Amino acid sequence: MLTVALARLRSHWATFAASFVALTLGVALLTTMGLGLASTLDAPRRAPERFASSPVVVMGHDTLTVEVRRGPGTAEVSKRLDRPHPVDKDLVRELGALGTVVRAGGPDAVGVDAPASAVRALVDDRARVLTGDDRARADARTQRDAQALVAVNALLGTAGGVAAFVSVFVVASTFAFAVALRRREFGLLRTAGATPGQVRRVLLTEALVTGTAASAAGCVLGALGAPSLARLLVDGAVAPDWFAVRADVHWPFHAAFWTGLLVAVAGVWAASRRAGRVRPAEALRDADVDTGVLPRGRLVTGAVLALAGVGLLLWGLATDPADLLGRKTWITRPMLLITAVALLCPLLVRRVVRLLPMTRGGVGLLVRENTAAAVRRTSAVAAPVLVIVALTGSLLGSAGTVTSSRAAEARARTAAQLVVTGEDLTVPRLPGAEVSPSAPTSVFVREEDTALIRYGARGVTDAAAFAGLARLPVVAGDVRDLDDGSIVVSEEWQRRTVGEHVAVRLGDGRPARLRIAAVIAAGAGGDSVFVTAANAPGTAVDRIDVGLAPGTDRAGAADALRAATGGTVRTADAWAAAVHPRTSPQTRLGLLVVLGVALLYTAISLAGTLLMATAARRDETAALRLAGATRAQVLRTVAGEALLAVAVGTVLGALVAAVDLGGMAAALWALGAPVAIAVPWGEAASAAGVCAVIAVVCATAACPRGGSR
């Protein structure tokens, strides 16, 4: 079998070129993403800067640790506090007796020139003692770098997951179509006496050889491309400026290589079984006719996945609509529906083709009928287009919808005419205006003794002014009852009965027992927990809502606020549109990386499929020429069929995206948030346009000249 497979690969290398390139690219991407992930998991140690001259650093506690239930026992879980605790003044005085104490950059840490053992014995559990490179934990950049590495990890993990999904999808589709084009060859082999097992073994051997070579090439290509990925992340301000991809880790190469080989074998497995089951006479008779293109197993699998995708969406709406707005959910959710529609594509092709408009005349009629009849070819071309259009519409549409809805929600939740933003703002006195300052903080809750949940909150300085300007979607209680002994919570909280007392930890870890003054709708994920400034220790005002009296000069008030606070003054509409919230450049870069991976795969799959399919139509184009068609008419027919197949994929991809965005709209409605669907028409049209150009170029370039009239 190996000899036959190698001979086949040498003589018909063009048939395997598309699969080889697609698999090589997939393994390269997986290698690159794996190397990037490995680099985030084991980042190099940085030398301390803030206390570089001090051998020992004493730092206040910066995490909240509580004990929760884990099965029959208990375990400790930790959450980072808003800011480290200051080092106690009495402790600083005691440290001074051991050696020189250095203060730099705030009260949260001090440097001590004394033996580490003596410092540890003195400090005990009142603070943290850091030595060596651990002293860098007191640097402000350490926390920023840690957050950046988490973002890089999430980005690369998502891109790697999408790369794996699309590579399996594209490689399996390309292999299956390549096998379908060889039906006549298999028929001849069966006529010559080859058994079904021998046919399957030939195909699997070809897949093993191709997969091994492509996976090895992909590992090399991925190692070469990893430094470019690091530069892209650093230039895009996603990763710290020191970030670099490590080349001395081996598990990404193993994971990518064996994944590529598994994808190659899995991609050809189902097709090889179908090829082995065909009888000799049936293979010869059906060689040029697309019948039986949707086996029962594929139909059942596609239907089950479609029901599962829709069912999970409905289940999420019924149980936890807020979960549907999470980034991980709206990135992974479309994949189930994409796979289902792709599996059912042969069943949908003819129906979609009949619905699409076509030019009149002989060429238009021929294009429509050829496209509807050649279900395998049309499905193979439409499938990758379906992937890129569905992912573009779902990912960019979901991101835009969430941010637009949150901005609309933020605007609806304040009656202020002006909003001041900045760091550590000075609260002004503006005659004739209502001023409501607030600051960011956190509230920690241990739910059911099994989890420690951190909620972002706002600490309001003037509860009366806040109640006067806030327009919160209250479902129970009254915001005007907020005081130093109470809290406003959202419907997401497990305990949310007005008047009930809840045990919480404040942003500095201090325990508090607060009465629930009001409960508001969960909304799209904006501010949903409110406390007074007394329960937001150590926070600095970063936002001031200002309500102006009727007849007040808005421009003059804005100038006065700008001079008094030193912050940025905007109208409430401009503030909501600009900063509360918006898709960050890092998030957009991450989505573009993911979509770039999908688009690259789509281009390769389209090019390879059309080059194979069009080159195999030599007899058909010759018949057209003999029937009187000119070379230009043949090219228009081939190009029209390619465009119509791309249109089919675009329609099916748009259908998946519509279902996905419809589910998100329903989730926003269920949460009581404004529904602001953002459809990425331009990006989706651009993706479909790129597919159309590639399809036409490859189809016409590979079109055989056929016979002359």
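Quick caveat: nothing in here was measured; it's all calculated off a predicted structure.

*Asks:* Tell me about the packing of helix H13 (residues 362–373) against helix H20 (residues 631–670), residues and numbers included.
*Replies:* Following both chains from N to C, one finds H13 and H20 inclined at 50 degrees, their axes separated by 9 Å at the closest point. Taken together, the axes of H13 and H20 lie oblique to each other. Taken as a pair, H13 and H20 cross one another with a handedness that is right-handed. Note on element contacts: H20 touches H13 through Arg 636, Thr 637, Gly 640, Glu 641 and Leu 644, opposite Val 363, Leu 366, Val 367, Arg 368, Asn 370 and Thr 371. Tallied by class, residues from the contact of H13 with H20 come to four nonpolar, four polar and three charged.

*Asks:* Go over the side chain of Thr 565 with me, naming the residues and quoting the values.
*Replies:* Within the element layout of this structure, Thr 565 appears in helix H16 (residues 554–565). One polar contact links the side chain of Thr 565 to the main-chain carbonyl oxygen of Leu 561, over a distance of 2.6 Å. Separated by 3.2 Å, the side chain of Thr 565 and the backbone nitrogen of Gly 567 make a polar contact. When residues no more than four places from it in sequence are discounted, the contact partners of Thr 565 are Val 420, Leu 425, Thr 426, Pro 428 and Ile 544.

*Asks:* Break down the pairing of strand S2 (residues 63–70) for me, citing the residues and quoting the values.
*Replies:* When S2 meets strand S3 (residues 73–80), the two strands line up antiparallel, connected through eight bridges. When the bridges of S3 are listed, Arg 70 appears paired with Gly 73. Turn length for the S2-S3 hairpin, with the two strands adjacent in sequence and antiparallel, is two residues, and the turn residue Gly 71 shows positive phi of about 65 degrees.

*Asks:* Got a sec to walk through the pairing of strand S1 (residues 56–59)? Specific residues and values, please.
*Replies:* Side-chain alternation along S1 places Val 56 and Val 58 on one buried face and Val 57 and Met 59 on a second face that is also buried. Sheet analysis places S1 next to strand S6 (residues 128–131), joined by four bridges and oriented antiparallel. Within the sheet, the bridge partner assigned to Val 56 lies in S6 and is Thr 131. As paired elements, S1 and strand S5 (residues 109–113) share four bridges and run antiparallel to each other. Bridge pairing in S5 links Val 56 to Val 112.

*Asks:* How would you explain the sheet that holds strand S4 (residues 100–103) if you had to name every residue and give the values?
*Replies:* Ordered by their spatial adjacency, four strands build an open sheet running S4-S5-S1-S6, and the pairing between neighbours is antiparallel. On the outer flanks of this sheet lie S4 and S6, each paired with one strand and no other. Neighbour to neighbour, the strand axes of the sheet diverge by 30 degrees on average, direction disregarded. The pairing of S4 with S5 spans four bridges and is antiparallel. Its bridge partner being in S5, Arg 103 is matched across the sheet by Val 110. Running over the sheet, helix H3 (residues 89–96) touches S1, S4 and S5 and is turned about 135 degrees from S4. Against the sheet, helix H4 (residues 116–123) makes contact with S1, S5 and S6, and its axis sits at roughly 170 degrees relative to S6, the strand it touches most.

The rules behind these values
- Every chain is numbered independently, its residues counted from 1 as its sequence is written.
- Totals for whole chains, interfaces and linings use every residue, but because this is a predicted model, local features are given only for residues with pLDDT of at least 70 and side-chain atom pairs only at 80 or more, for both listing and counting.
- Each side-chain value is derived from all of the structure's non-hydrogen atoms; neither hydrogens nor water enter the calculation.
- Every angle, taken between N-to-C directions, lies between 0 and 180 degrees, and every axis is a line fitted to C-alpha atoms, over only the stretch in contact when it is a helix.
- Put simply, DSSP H or I for four residues or longer makes a helix, DSSP E for two residues or longer makes a strand, and each gets a number counted from the N terminus.
- Orientation labels follow simple angle bins: below 35 degrees gives roughly parallel, above 145 gives roughly antiparallel, 65 to 115 gives roughly perpendicular, and whatever is left gives oblique.
- Two helices cross in a left-handed way if the nearer one is turned anticlockwise from the farther one by less than a right angle. They cross in a right-handed way if the turn is clockwise.
- Whether two residues are in contact is decided by their heavy atoms: any pair within 4.5 Å suffices.
- As a working rule, the residues Ala, Val, Leu, Ile, Met, Phe, Trp, Tyr, Cys and Pro are called nonpolar, Asp, Glu, Lys and Arg charged, and the rest polar, with Gly in that last group.
- Polar contacts, as used here, are pairs of N or O atoms within 3.5 Å; protein pairs need one atom able to donate a hydrogen and one able to accept it. Residues neighboring in sequence count only if both atoms are side-chain atoms.
- A strand pair is defined by DSSP finding two or more bridges across the two strands.
- We call a residue buried when its accessible area falls under 20% of the maximum for its residue type, exposed when it is over 50%, and partly exposed in between, using a 1.4 Å probe and counting protein chains only.

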